[in-house]
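Observations on the model geometry
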Amino acid sequence: MTGKQPDVACMVRGRPRIARRGCQTRMKPHDEQTSPDPQLEGAPSRMAVAGHPLHPMTVTFPIAFLLAALPADLAFLLLDDAFWARVSLWLLGVGTFSGIAAGLIGTVELLWVQGIRRRITSWSHFVLAVMLLSVAFANWMLRLPDPVVAIYPWGVYLSALGALLTALAGWLGGKLVFHHQIGIWDENELDPKTPGQPPPTAPVRLRKH
Ligand code: HEM
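Described below are features of the structure shown in this document.

About the cut-offs
Residues numbered from 1 in each chain as written. Predicted model: local features only at pLDDT ≥ 70, side-chain atom pairs only at ≥ 80, totals over all residues. Helix = DSSP H or I, 4+ residues; strand = E, 2+ residues; numbered from the N terminus. Contact = placed C-beta atoms within 7 Å. Core = buried A, V, L, I, M, F, W, Y, C linked by C-beta atoms within 7 Å. Buried ≥ 20, exposed ≤ 12 C-beta atoms within 10 Å, placed from the backbone. Axes fitted to C-alpha atoms, helices over the stretch in contact; angles between N-to-C directions. Parallel < 35°, antiparallel > 145°, perpendicular 65-115°, else oblique. Left-handed = near helix turned anticlockwise from the far one by under 90°. Nonpolar A, V, L, I, M, F, W, Y, C, P; charged D, E, K, R; others polar.

1. A short note on the overall build of the protein
Counting its secondary structure elements, the protein contains 5 helices and 5 strands. Taken from N to C terminus, the helices and strands of the protein fall in the order β-β-β-β-α-α-α-α-α-β. The contacts of the protein with a sequence gap of at least 6 include a subset with a gap of at least 24, amounting to 68%.

As structure tokens, this is what we get:
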């Protein structure tokens, strides 16, 4: 490969351009390409074990349990079998408390890492998550005295609302990771010692094939 061939990707007026070796402009995250504020670039996670963020690991449990409560309620309504009412009660209890644990980890992250707390998406995700956990907790409490009687109509409505809120909160959480590069540890792009702070400028190399 000769020195004249382009091998470095640069951002020129917010658009990716192939430029010659020596361009020093950093490639910015997808939807922040026009942001003039370097604080709004990606931020690595602080609540992590060996670089693996804890919040994404723990949210899988509330997502699975709280989404499954709605089909369990519907199974009870269709089959009229009290087994499904008890399944739903347990799904809501375990989903709520695992969600509170995951939410506490996320909240520490939100308050600790400047690059996360400066984003509106982070706060929207937080508000939706708190709404979700409140609805799930109320749904669980409603059923504690008698899981069968509580299912219709309020139990099933709250389970449907909880499923919707889980989807919305999960969507915004995914947006934080996949669009805003939150919790992504890329040593070429981010310095894990200073979350929220971009490292010294480093050009992005293109693969040669
Ligand atoms: C209650 C307070 C919460 C806060 C402050 C919070 C904050 C965050 C933050 C900062 C991230 C970016 C990744 C990271 O830094 O680890 C994230 C991702 C995410 N959050 Fe939350 N979160 C909360 C609760 C929840 C709950 C209850 C759920 C779901 C039931 C949830 C679902 C997700 C998902 C799905 C992701 C994307 C994970 C990935 O794709 O890797 N979050 N959240």
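2. A word on the nonpolar core
Ala69, Leu92, Ala129, Leu132 and Ala136 are the most contacted members of the largest nonpolar core, which totals 33 residues. Those residues in contact with Ala69 that sit more than four places away from it in its chain are Ser88, Leu91, Leu92, Gly95, Ser159 and Gly162.

3. Notes on the environment of Pro44
Positionally, Pro44 belongs in the loop between strand E2 (15–19) and strand E3 (48–49). Under the C-beta neighbour-count criterion, Pro44 is labelled buried, with 25 such atoms within 10 Å.

4. Examining the environment of Asp81
Looking at the element boundaries, Asp81 is found in the loop between helix H1 (54–79) and helix H2 (82–112). A tally of 12 C-beta atoms within 10 Å means that Asp81 is categorised as exposed. In this structure, the C-alpha to C-alpha distance between Asp81 and Val148, residues 67 residues apart in sequence, is 9.1 Å.

5. Considering the packing of H2 against helix H4 (residues 120–143)
The relative placement of two packed helices is expressed as an angle between their axes plus a distance between the axes. Interaxial distance between H2 and H4 falls to 9 Å at its minimum, and their mutual angle equals 155 degrees. With respect to H4, the element H2 is oriented roughly antiparallel. Every pair of crossing elements has a handedness; the one defined by H2 and H4 is left-handed. For the pair H2 and H4, contact is made by Leu89, Leu92, Gly93, Gly95, Thr96, Gly99, Ile100, Gly103 and Leu110 and by Ser122, Phe126, Ala129, Leu133, Ala136, Phe137, Asn139, Trp140 and Arg143, respectively. Taken together, the residues that form the contact of H2 with H4 break down as 10 nonpolar, 7 polar and 1 charged.

6. Details of the packing of H4 against helix H5 (residues 151–178)
Direction vectors running N to C along H4 and H5 enclose 155 degrees, while the axes themselves pass 9 Å from each other. Here H4 is positioned roughly antiparallel relative to H5, judged by the angle of their axes. The hand of the H4/H5 crossing is left-handed. Taken together, the residues of the contact of H4 with H5 break down into 16 nonpolar, 10 polar and 2 charged.

7. Structural notes on the environment of His52
Mapped onto the elements of the fold, His52 is located in strand E4 (residues 52–53). Sequence separation between His52 and Ile184 is 132 residues; the distance between their C-alpha atoms is 9.1 Å.

8. Here's the deal with unusual backbone geometry
Each neighbour pair has its own omega, and for Tyr152 with Pro153 the value is 5 degrees, a cis peptide bond. Positionally, Pro153 belongs in helix H5. The backbone phi angle of Ala50 is positive, close to 50 degrees, even though this residue is not glycine. With respect to the secondary-structure elements, Ala50 resides in the loop between E3 and E4. Judged by the 4 C-beta atoms lying within 10 Å of it, Ala50 falls in the exposed class. Even without glycine at this site, Gln181 takes up a positive phi of about 60 degrees.

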